[in-house]
Amino acid sequence: MTTTAEAKRREKVVTEFFEYLKAIHSGNIEAIDKMLALWDDEGVVKLIGLYPYSGEFVGVNAISVLYHNVARSAGMPVRLKDSKLKTTLGPRKFEIESIHSIGNKVVATWRTEITTKDKVGFEMSGGDTFYFKEGKISRDLCTMSTRPAEVQGFKLGSLSVNDIGRLALAAWAVV
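Residues numbered from 1 in each chain as written. Predicted model: local features only at pLDDT ≥ 70, side-chain atom pairs only at ≥ 80, totals over all residues. Heavy atoms only, no water.

1. What about the overall build of the chain?
In plain terms, the rule: Numbering of helices and strands runs from the N terminus, with a helix taken as a DSSP run of H or I at least four residues long and a strand as a DSSP run of E at least two residues long. Burial classes: relative accessible area under 20% of the type maximum marks a residue as buried, over 50% as exposed, and values in between as partly exposed (1.4 Å probe, protein chains only). By definition, residues are in contact when any of their heavy atoms lie within 4.5 Å. Each accessible area is a Shrake-Rupley result for a 1.4 Å probe, and residues are judged covered by the shown protein chains and nothing else. Positive residues here are Lys and Arg, negative ones are Asp and Glu, while His and the chain termini are left out of the count. Charge positions are represented by NZ for Lys, CZ for Arg, CG for Asp and CD for Glu.
Check the secondary structure of the chain and you find 4 helices and 8 strands. Element order for the chain, N to C, with α for helix and β for strand: α-α-β-β-α-β-β-β-β-β-β-α. Viewed in the frame of its principal axes, the chain has a C-alpha envelope of about 55 × 25 × 25 Å. Burial statistics for the chain: of 175 residues in total, 46% are counted as buried. In the chain, once contacts between residues fewer than 6 apart in sequence are set aside, the share between residues at least 24 apart is 57%. Roughly 9,200 Å² of accessible area belongs to the chain as shown, and the carbon and sulfur atoms make up 52% of that amount. For the chain, the separation between the mean place of its 24 positive charges and that of its 21 negative charges on side chains is 5 Å.

2. Some details on the packing of helix α1 (residues 4–25) against helix α3 (residues 60–72)
Two quantities define a packed helix pair, namely the angle between the helix axes and the distance between the axes. Going by this rule: Angles here are taken between N-to-C directions and fall from 0 to 180 degrees, while the axes themselves are lines fitted to C-alpha atoms, restricted in helices to the stretch in contact. Any angle between 65 and 115 degrees counts as roughly perpendicular, while under 35 counts as roughly parallel, over 145 as roughly antiparallel, and the rest as oblique. Residue polarity follows a fixed list, in which Ala, Val, Leu, Ile, Met, Phe, Trp, Tyr, Cys and Pro are nonpolar, Asp, Glu, Lys and Arg are charged, and the others, Gly among them, are polar.
Interhelical geometry of α1 versus α3 gives an angle of 50° and a closest axis separation of 7 Å. It follows that α1 is oblique to α3 by the angle criterion. Touching Phe17, Leu21, Ile24 and His25 of α1 are Tyr67, Val70 and Ala71, all from α3. Considering only residue class, the contact of α1 with α3 consists of 6 nonpolar, 1 polar and no charged.

3. Observations regarding the sheet that holds strand β1 (residues 39–48)
Applied cut-off: Strand pairing is assigned whenever DSSP detects at least two bridges linking the two strands.
Strand order in the open sheet formed by 6 strands is β2-β1-β8-β7-β6-β5, with mixed pairing between adjacent strands. This sheet does not close on itself; its edge strands, each paired only once, are β2 (55–58) and β5 (93–102). Pairwise comparison of adjacent strand axes, ignoring direction, gives a mean angle of 15° for this sheet. Where β1 and strand β8 (residues 136–144) come together, 6 bridges link them in parallel fashion. Opposite valine 45, over in β8, you have aspartate 140 as the bridge partner. Packed on one face of the sheet, α1 meets β1, β5, β6 (105–115), β7 (121–133) and β8 and runs near 165° to β5. Helix-sheet contacts for α3 involve β1, β2 and β8, and the interaxial angle to β1 is about 55°.

4. What to know about the nonpolar core
What tends to happen in soluble globular proteins is that the nonpolar side chains get buried as a cluster. Note the following rule: Note on terminology: a nonpolar core comprises buried Ala, Val, Leu, Ile, Met, Phe, Trp, Tyr and Cys residues joined through side-chain atoms within 4.5 Å.
In this structure, Phe17, Phe18, Tyr67, Phe122 and Phe130 are the most contacted members of the largest nonpolar core, which totals 45 residues. The leading source of residues in this core is α1, at 7 residues.

What follows is the structure, given as structure tokens:
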């Protein structure tokens, strides 16, 4: 049984995780080591979604590689096949909507904008379920909505389903 104090400590760890993730999204590589300190050495990040947005990163070294790739994706060139647009990723806007303890896990919901410097982009929502081992994150199950939403000032209609997937993958640097 999880006590209120344990639940609050876990929620604090998840809050710190997302603070570091925001920094990593903007290219701050120094935030990666701080984030990794929150993880159990045998931790697992599982991206749960429709192909190609799926994958599993097992162990702190694999998680480190994932987040180094995320940091390097800031401003990364991207070629969209169907719309034939060659562009670069714009800055990521990433907002946490909620963080709640449920039993021995913490569930967080979020929204992110994935945009390009050519004013093409969309908003996605998603969530993470965090599990813990001895106060550290042992597992993060991350899901993303399959429905992009419009972002004011950015074009969504010109993007195909494949292009939306390519942008999402590039933003998470899973490609």
